[in-house]
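Examining the three-dimensional arrangement
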Amino acid sequence: WRTAPEAIGNSFLFALAAVAMITAFSALISYVIVRRETAASGAIDFMMMVPYLIPGVVMAIGFVTTFRSGIFSGVGAAWLLILLYFIRRLPYGVRSTTSSLRQIKPSLEEAAINLGAPPLTAFMKVTVPLILPGLIVGSLMGFITAINELSGTLILYDSGTITMPVSIYIAVLDGEFGLAAALSTVLLICTGACVYAVFRFTENRDSAFI
């Protein structure tokens, strides 16, 4: 904690910021995919797999090409890392939320609208609580992978945005295996806790729909 406090703080800050965006966008995108069965929603569903398939190094190079010159040159490394984590991990949230939303009948929302609730209110007060386990599972999966991201971070980080995976990589190269082991332990504990929470929420979600 004394040797690399900035790396630990940055890792949690960037991952949590990306997860907050993933949670919000997952609910909206999943609603469009499931409830609006059009060509556009089908295209969005297909595009959601693109960030999952593109390697982190390739995407990071694209970010450097786009945001380090021209009108976007003022974007800082911290925002680029958050955006990278968000885009790369968004498919986890969308897939998990879409799976939950497909098990909920549209008649529940329609009943709320017929009783006088605006569509947005019906979505927020009826649908979102029902898909909350899916949102949480997707967010936890996004957090696990975001906080352990190395390939793209190596290209985009600077001295003020170093993260735990980058610190571990540098420590191993410098022969500081004690620091690398300590930071790895922090990541392992976080990953283990999130995986345990994912299994618990998955069990609760499955039992709720039986």
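**Quick look at the nonpolar core**
Core analysis: the biggest nonpolar cluster contains 43 residues, and Phe 63, Tyr 85, Leu 90, Leu 156 and Met 164 have the highest contact counts within it. Broken down by secondary-structure element, the contributors of at least two residues to this core are α1 (5-35), α4 (56-67), α5 (77-101), α7 (119-147), α9 (164-173) and α10 (177-209). Broken down by element, the residue count for this core peaks at 9 residues, all from α1. In this structure Phe 63 touches Arg 68, Leu 80, Leu 83, Leu 84, Ile 87 and Leu 156, once residues within four positions along its chain are discounted.

**Quick look at the state of the cysteines**
Inspection of every chain in the model, using the stated rule, returns 0 disulfides. The structure places no disulfide on Cys 190, whose sulfur is separated from the nearest cysteine sulfur, that of Cys 194, by 6.6 Å.

**Looking at α7**
In this model, α7 (29 residues) spans only 36 Å end to end at C-alpha, well below the 42 Å of a helix rising 1.5 Å per residue. By the largest-angle criterion, Val 128 marks the main kink of α7, which is about 55°, and a proline, Pro 129, follows within four residues.

**Digging into the side chain of Ser 26**
Along the chain, Ser 26 turns up in helix α1. Ser 26 sits in the buried class, given a relative accessible area of 1%. Only 3.5 Å separates the side chain of Ser 26 from the backbone nitrogen of Val 94, close enough to count as a polar contact.

**Focus on a nonpolar patch on the surface**
Nonpolar side chains collect at one region of the surface, where Phe 46, Met 47 and Val 50 lie side by side and expose about 330 Å² of accessible area between them. Inspection of the secondary structure assignment puts Phe 46 in helix α2 (residues 39-47). Overall, the relative accessible area of 63% leaves Phe 46 in the exposed class.

**A look at the packing of α1 against α2**
It is the contact of α1 with α2, at a shortest axis distance of 8 Å, that shows an interaxial angle of 130°. One element, α1, and the other, α2, form an angle in the oblique class. Viewed along their axes, α1 and α2 form a crossing whose handedness is left-handed. In this structure, α1 contributes Ile 29, Val 32 and Ile 33 to the contact, and α2 contributes Ser 41, Ile 44 and Asp 45.

**Regarding the environment of Ile 8**
Checked against the element boundaries, Ile 8 lands in helix α1. Classification of Ile 8 by relative accessible area gives buried; the value is 6%. Along the sequence, Ile 8 and Leu 83 sit 75 residues apart, while their C-alpha atoms lie 19 Å from each other. The contact partners of Ile 8, leaving out residues within four places of it in the chain, are Trp 1, Met 164 and Leu 183.

**A closer look at α9**
Every buried residue of α9 is listed here: Met 164, Pro 165, Val 166, Ser 167, Ile 168 and Ala 171. Of the residues one or two after α9, Gly 175 is the one with positive phi, at around 80°.

**With respect to the packing of aromatic side chains**
Per the counting criterion, the structure on display carries 4 aromatic pairs. Judged by centre distance (4.9 Å) and plane angle (70°), the rings of Tyr 31 and Phe 123 are edge-to-face. In this pair, Tyr 31 is assigned in helix α1 and Phe 123 in helix α7, connecting sequence segments 92 residues apart.

**Some remarks on the confidence of the model for the protein**
Low-pLDDT portions of the prediction should not be read for the details of their coordinates. Per-residue pLDDT for the protein averages 85, and the proportion of residues at 70 or more is 96%. When the elements of the protein are averaged for pLDDT, α2 gives the smallest value, 81, and α9 the largest, 94.

**Overview of the packing of α4 against α5**
To characterise two packed helices, one gives the angle between the axes of the helices and the distance between these axes. Running from N to C, α4 and α5 point in directions that differ by 135°, and their axes come no closer than 11 Å. Here α5 runs oblique to α4, going by the angle between their axes. Read as a crossing pair, α4 and α5 show a hand that is right-handed. Contacts between α4 and α5 pair Gly 56, Met 59, Ala 60, Phe 63 and Phe 67 from the former with Leu 80, Leu 83, Leu 84, Ile 87 and Arg 88 from the latter. Of the residues in the contact of α4 with α5, the class split is 8 nonpolar, 1 polar and 1 charged.

The rules behind the values
- Residues numbered from 1 in each chain as written.
- Predicted model: local features only at pLDDT ≥ 70, side-chain atom pairs only at ≥ 80, totals over all residues.
- Heavy atoms only, no water.
- Core = buried A, V, L, I, M, F, W, Y, C linked by side-chain atoms within 4.5 Å.
- Buried < 20%, exposed > 50% of the residue type's maximum accessible area, 1.4 Å probe, protein only.
- Helix = DSSP H or I, 4+ residues; strand = E, 2+ residues; numbered from the N terminus.
- Contact = heavy atoms within 4.5 Å.
- Disulfide = S-S within 2.5 Å.
- Expected span 1.5 Å × (residues − 1).
- Bend = angle between axes of the 7 residues up to and from the residue.
- Polar contact = N/O pair within 3.5 Å; in protein donor to acceptor, adjacent residues only side chain to side chain.
- Patch = residues over 30% accessible without salt bridge, like charges linked within 9 Å, V, L, I, M, F, W, Y side chains within 5 Å.
- Areas by Shrake-Rupley, 256 points an atom, 1.4 Å probe, with all protein chains shown as cover.
- Salt bridge = Lys/Arg side-chain N within 4 Å of Asp/Glu carboxyl O.
- Axes fitted to C-alpha atoms, helices over the stretch in contact; angles between N-to-C directions.
- Parallel < 35°, antiparallel > 145°, perpendicular 65-115°, else oblique.
- Left-handed = near helix turned anticlockwise from the far one by under 90°.
- Phe/Tyr/Trp six-rings, centres within 6.5 Å; stacked < 30°, edge-to-face > 60°.
- pLDDT = per-residue confidence, 0-100.
- Nonpolar A, V, L, I, M, F, W, Y, C, P; charged D, E, K, R; others polar.

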